[in-house]
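# Working through the structure, step by step
The residues making up each chain are set out below.
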Amino acid sequence: MAPAEILSGKIVSAQVRERLKNQVVEMKKKFPGFKPGLAILQVGNRDDSNLYINMKLKAAAEIGISANHIKLPNTATEADVLKCIASLNGDPAVHGFIVQLPLDSDKPINTEKITNAVAPEKDVDGLSSINAGKLSRGDLGDCFIPCTPKGCMELIRQTGVQVAGKRAVVVGRSKIVGAPMHDLLLWNHATVTTCHSKTSTLAEEVGKADILVVAAGKAEMVKGEWIKPGAIVIDCGINHVPDSTKASGKRVVGDVAYNTAKEKASYITPVPGGVGPMTVAMLMQSTVESAQRFLEKFQPGKWNIQYNQLTLKMPVPSDIEISQSCMPKPIDQLAQEIGLLPDEVELYGQTKAKVHLSALKRLKNQPDGKYVVVTGITPTPLGEGKSTTTVGLVQALGAHLRQNVFACVRQPSQGPTFGIKGGAAGGGYCQVIPMEEFNLHLTGDIHAITAANNLVAAAIDARIFHELTQTDQALYNRLVPSVSGVRKFSDIQIRRLQKLGINKTDPMALTSQEVNLFVRLDIDPGTITWQRVLDTNDRFLRKITIGQSPTEKGFTRTAQFDITVSSEIMAVLALADGLDDMKKRLGRMVVASSKRGEPVTTDDLGVTGALAVLMRDAVKPNLMQTLEGTPVFVHAGPFANIAHGNSSVLADKIALKLVGKEGFVVTEAGFGADIGMEKFFNIKCRYSGLRPHVVVLVATVRALKMHGGGPAVTAGVPLPKEYMEENLQLLAKGCSNLNKQIQNARMFGVPVVVAVNAFKTDTRAELALVVQQAKEAGAFDAVECTHWAEGGKGAVALAQAVQRASQAPSNFRFLYNVELPIVDKIRLIAQQVYGARDIELLPEAQQKVALYTKQGFGNLPICMAKTHLSLSHDPEQKGAPTGFVLPIRDIRASVGAGFLYPLVGTMSTMPGLPTRPCFYDIDLDPVSGAVNGLF
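Each value, and the rule that gives it
Residues numbered from 1 in each chain as written. Predicted model: local features only at pLDDT ≥ 70, side-chain atom pairs only at ≥ 80, totals over all residues. Heavy atoms only, no water. Salt bridge = Lys/Arg side-chain N within 4 Å of Asp/Glu carboxyl O. Buried < 20%, exposed > 50% of the residue type's maximum accessible area, 1.4 Å probe, protein only. Helix = DSSP H or I, 4+ residues; strand = E, 2+ residues; numbered from the N terminus. Polar contact = N/O pair within 3.5 Å; in protein donor to acceptor, adjacent residues only side chain to side chain. Pairing = 2+ DSSP bridges. Contact = heavy atoms within 4.5 Å. Axes fitted to C-alpha atoms, helices over the stretch in contact; angles between N-to-C directions. Parallel < 35°, antiparallel > 145°, perpendicular 65-115°, else oblique. Nonpolar A, V, L, I, M, F, W, Y, C, P; charged D, E, K, R; others polar. Disulfide = S-S within 2.5 Å. Phe/Tyr/Trp six-rings, centres within 6.5 Å; stacked < 30°, edge-to-face > 60°. Lys NZ or Arg CZ within 6 Å of the ring centre and 35° of its normal. Patch = residues over 30% accessible without salt bridge, like charges linked within 9 Å, V, L, I, M, F, W, Y side chains within 5 Å. Areas by Shrake-Rupley, 256 points an atom, 1.4 Å probe, with all protein chains shown as cover. Lys, Arg positive; Asp, Glu negative; His and termini not counted. Charge placed at Lys NZ, Arg CZ, Asp CG, Glu CD. Left-handed = near helix turned anticlockwise from the far one by under 90°.

### Observations concerning the pattern of salt bridges
- Within this structure, the stated rule accounts for 45 salt bridges.
- In this structure, R46 engages D48 in a salt bridge whose closest nitrogen and oxygen atoms are separated by 2.7 Å.
- Of the residues examined, R46 reaches a relative accessible area of 34% and is grouped as partly exposed.
- Across the salt bridge formed by R362 and E344, the nearest N and O atoms sit 2.6 Å from each other. In this pair, R362 is assigned in helix α13 (residues 358-362) and E344 in the loop between α12 (331-337) and β12 (345-347), connecting sequence segments 18 residues apart.
- Given the relative accessible area of 23%, R362 is considered partly exposed.

### Describing the environment of L186
- Counting through the fold element by element, L186 comes out in helix α7 (residues 178-187).
- Classification of L186 by relative accessible area gives partly exposed; the value is 35%.
- Separated by 208 residues in the primary sequence, L186 and V394 have C-alpha atoms spaced 50 Å apart.

### Comments concerning helix α21 (residues 568-575)
- Of all 8 residues in α21, 8 are buried, a share of seventy percent or more.
- Those residues of α21 that sit buried are E568, I569, M570, A571, V572, L573, A574 and L575.
- Sitting at the amino-terminal end of α21 is S567, which places a side-chain oxygen 3.1 Å from the backbone nitrogen of I569.

### Section: the sheet that holds strand β11 (residues 267-268)
- Read across the open sheet, the 6 strands follow the order β1-β11-β8-β7-β5-β6; overall the sheet is parallel. If you trace the sheet from one side to the other, it starts and ends with β1 (5-6) and β6 (191-195), each paired once.
- With 4 bridges joining them, strand β7 (residues 211-214) and strand β8 (residues 232-235) adopt parallel strand pairing. Bridge pairing links I211 to I232 in β8.
- Packed on one face of the sheet, α7 meets β5 (167-171), β6 and β7 and runs near 170° to β5.

### Some remarks on the packing of helix α1 (residues 9-30) against helix α6 (residues 147-158)
- Packing of α1 against α6 brings their axes to within 11 Å, and their N-to-C directions diverge by 100°. One finds that α1 runs roughly perpendicular with respect to α6. Residues G9, V12, Q15 and V16 of α1 touch α6, and the partners they reach there are E154, L155 and Q158.
- Looking at the contact of α1 with α6 residue by residue, the class counts come to 3 nonpolar, 3 polar and 1 charged.

### Quick notes on the state of the cysteines
- Following the criterion strictly, the structure yields 0 disulfides and no others.
- Unpaired in terms of disulfides, C430 finds its nearest cysteine sulfur in C785, a separation of 9.5 Å.
- On the basis of relative accessibility, which here comes to 0%, the residue C430 falls in the buried class.

### Structural notes on the packing of aromatic side chains
- Tallying each qualifying case throughout the model produces 15 aromatic pairs.
- Each ring, one from F489 and one from F518, has its centre 5.6 Å from the other, and the planes form 65°; the classification is edge-to-face. In this pair, F489 is assigned in the loop between β19 (486-487) and α19 (491-499) and F518 in helix α20 (residues 512-519), connecting sequence segments 29 residues apart. The same class applies to F489 as to F518, namely buried.
- Look at F812 and F814: their rings are 5.3 Å apart centre to centre, the planes differ by 80°, and that puts the pair in the edge-to-face class.
- Overall, F814 belongs to the partly exposed group, its relative accessible area being 28%.
- Through a chain of ring-to-ring contacts, the aromatic side chains of Y371, F680, F681, F748, F812 and F814 assemble into a single cluster.
- Across the ring face of Y687, the terminal group of R585 is positioned such that the distance to the ring centre comes to 4.7 Å.

### Section: a positive patch on the surface
- A contiguous patch of positive charge on the surface is contributed by R173, K198, K218 and K223.
- In this structure, K218 sits in the loop between β7 and β8.

### Concerning the pairing of strand β15 (residues 405-409)
- Within β15, 5 of the 5 residues are buried, which leaves the element mostly enclosed by the surrounding structure.
- The side-chain alternation of β15 yields two buried faces, one formed by V405, A407 and V409 and the other by F406 and C408.
- Pairing geometry for β15 and strand β28 (residues 664-668), over 4 bridges, is parallel. When the sheet's bridge partners are listed, V405 is paired in β28 with F664.

### Quick look at the sheet that holds strand β4 (residues 96-99)
- In spatial order, the strands read β3-β2-β4; together these 3 strands make up an open sheet with parallel pairing. Each edge of the sheet is formed by a strand with only one pairing partner; in this case those strands are β3 (66-72) and β4. The mean inter-strand angle of the sheet, taken between neighbouring strand axes irrespective of direction, is 15°.
- Note that strand β2 (residues 37-43) and β3 share 7 bridges and pair parallel. Across the sheet, the residue bridging to A39 is N68, located in β3.
- Here helix α2 (residues 47-63) sits on the sheet and contacts β2, β3 and β4; the angle it forms with β2, its principal contact strand, is near 170°.

### Topic: the side chain of K679
- Mapped onto the fold, K679 is located in helix α26 (residues 673-688).
- Looking at K679, its side chain comes within polar contact range of the main-chain oxygen of N641, at 2.8 Å.
- Every residue in contact with K679, bar those within four places of it in the chain, is listed here: A640, N641, A643, H644, N646, K684, C863 and M864.

### A word on the packing of helix α17 (residues 445-469) against helix α24 (residues 608-615)
- In contact at an axis separation of 9 Å, α17 and α24 are set at 165° when each is read in the N-to-C sense. Classified by the angle their axes make, α17 and α24 are roughly antiparallel. Helix-helix and strand crossings are classified by hand; for α17 and α24 the assignment is right-handed. Seen from α17, the contacting residues are A448, I449, A451, A452, L455 and V456; seen from α24, they are A610, L611, L614 and M615.

Take a look at the structure:
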């Protein structure tokens with residue numbers, strides 16, 4: 001018979017590499033910014049290992065795989081290696097991961113323990129017990145196969161001979177080649193016999209083989225005459241034998257006597273140049289396969305989510321009864337369902353988690369989903385149900401229309417939870433759960449803000465005290481102390497020197513005048529705008545005197561406490577787009593002016609870095625879920641009057657990436673459209689760069705009747721009959737507010753869908769009138785909703801309207817250019833959004849305009865602080881008043897957050913407790929640990 005055809009591993013591996021290179025190119029086209037990643041962990045510095053690793057790195061670079069070589073010294077302990085493996089297991093950029101063997105350490109290391117520590121889904125060497133077990137069970141599509149057996153199979157396929165039904169013999173039983181080769185042939189339907197050096201009838205068994213794979217590690221152990229004529233021979237051996245004709249005195253041979261075997265075999269692999277080149281190629285193939293599996297599992301926008309079925313009851317139970325009757329999914333399950341990686345999720349128990357900002361970095365090249373903002377008519381004590389509608393809409397889009405959807409909402413303050421308002425998790429069958437977790441501490445973000453805010457307050461008063469009681473030199477010696485005979489400026493002190501125009505880094509080089517400038521902030525106590533905060537309603541802290549202890553040497557001043565959510569740090573958290581941006585904003589916060597009229601910042605106080613440390617966890621959005629199992633980000637909760645009243649930019653950005661191009665992110669703006677929505681557009685969207693697709697404007701028949709002139713309502717007293725009976729005339733008059741708020745939304749170029757939140761006392765005629773009025777005012781659509789009682793099912797029509805509106809043209813635009821003078825920007829908002837004839841700046845406001853313009857803050861956006869109960873400055877004026885002059889009492893600056901806030905009237909920043917606060921009804925069951933009485 002003719003000599004065997006040579007199976008060249010060099011040729012086949014080159015073909016494999018070219019194929020993989022094309023696959024990687026296509027992968028990158030489909031997923032911009034993505035690149036398969038391979039990590040090679042080496043312990044020690046063996047020459048042969050270095051050679052093999054270089055071959056792998058070269059092959060990876062050729063194919064387009066990002067390869068990372070991690071080298072530990074030979075002093076590394078087993079614990080060191082395991083720690084490194086744990087890090088690589090959690091790295092989402094690493095898809096394939098191998099530990100180069102043998103481990104060259106002078107410390108005892110259990111190799112089996114090390115190989116089994118590699119995550120099975122990244123074990124592209126196929127050496128872990130889990131992958132070996134899956135291979136032995138035949139789970140070939142769910143495991144990685146060791147590279148040498150995988151290369152052997154590829155060479156066998158090149159022959160075109162069908163493996164199924166053939167008799168195969170494997171000589172060798174190692175974990176790396178022989179044993180997996182047996183399993184691989186078996187599950188490709190060959191009849192397999194494994195032999196080894198102790199097999200007494202080895203020649204006889206070899207002679208039966210249609211396919212022979214030899215990996216015995218013994219030079220030319222298998223003789224040519226043993227081989228069955230026409231067999232396929234795969235020689236995995238690499239052995240050195242003496243050869244005086246070679247310069248090295250030796251040559252490389254396989255485990256098969258090649259010269260005689262090729263005369264009997266139909267196909268044979270040479271040594272070298274046969275199996276060897278295939279091993280590296282198969283490692284690359286497994287890495288690409290792992291990357292493909294990763295993309296299939298974590299493909300942005302490809303969710304595999306389980307929704308919760310609601311069991312509706314009539315009458316509708318209390319909010320906390322509903323919340324506690326529903327078993328939420330484990331939060332790590334939800335995180336996996338929506339495409340977050342385990343390393344991106346930080347669990348806080350079973351029902352809430354923080355999401356790392358690394359998720360946004362990983363998804364940065366993915367397209368955003370559709371962006372929807374929920375707002376409302378001008379609020380009334382009767383309530384409009386914005387939060388309930390937000391949750392109902394996402395439940396409808398997700399659980400009922402099977403769209404990827406995220407809700408992004410603000411975290412509520414605990415003050416109102418124990419005061420009069422109660423919680424803010426939605427209501428009825430549209431809630432964020434568990435509602436007691438949502439309404440209480442959550443993950444501690446508000447406590448972090450309290451600590452950070454009060455650190456600034458303490459720094460201000462301490463600095464004033466020390467400057468009043470010490471000389472320049474004494475201050476300097478304490479601010480820049482000598483440590484072990486060396487004086488050194490901290491980084492933040494270097495920044496202050498640069499701000500002062502002092503370009504020196506040696507503390508001994510400053511002149512006395514420069515020392516004076518450096519140590520004296522010279523804060524004017526009368527200009528301090530920074531207050532202490534507390535997340536509790538406490539009316540007796542609205543005005544206090546501080547510094548009354550004798551230790552403060554008589555340096556007292558009048559101050560106050562605000563509620564924590566009114567802190568500028570909360571607004572900074574909500575508007576920051578990352579840790580670095582947050583730190584810069586924290587450093588820019590202006591706390592007072594110096595006696596020279598210059599702004600004093602937190603950076604000047606030296607506290608910026610400490611604030612960033614306190615806020616490092618708070619910057620991560622909190623993941624929760626709705627009653628029906630759709631995901632929710634709960635993050636940041638700034639006031640909607642002296643701040644912008646919207647949840648965080650970061651939560652929205654991560655959510656928009658996770659939902660994918662066809663998904664939806666629904667966020668809620670505080671108060672009515674004239675306040676929260678206007679600030680969402682002009683402040684939040686300006687800083688985030690995000691562009692909304694749809695506005696959902698929530699209205700109720702009852703609230704519109706109040707805007708039409710309906711009587712006042714009192715808590716605890718039955719509603720007047722006007723709100724319980726049909727009254728089309730009163731309702732029609734009140735629709736003036738609805739019409740104006742629709743106009744306000746359309747002013748920004750975004751389609752408006754009106755959600756008419758129906759109550760059981762509403763008549764068909766009343767609901768129809770609101771729908772008609774909304775459409776006539778220019779709404780894209782207007783829809784009745786019953787989600788409070790029916791969950792997502794009651795908001796399906798609203799969700800479908802939002803889907804249609806999201807396809808309509810959205811020509812989003814800002815109301816004003818920030819380069820306009822401060823007064824012009826205020827006037828535009830007052831006239832265009834509120835309906836005012838003009839504005840009037842009182843003397844203090846006029847002074848602030850001049851001051852902030854001089855200080856360089858004139859180009860900041862405007863955040864109007866006015867009553868939320870009317871379009872005007874008078875809370876008693878309902879409907880859509882016009883022709884009024886809007887008085888501007890004062891203007892203040894939140895420079896770190898990035899806006900100026902004009903005060904229209906007096907703004908309370910510390911709520912008080914009523915005669916009967918909510919806390920009377922809140923209790924803890926000591927047996928079950930359940931919270932009772934929240935609403």
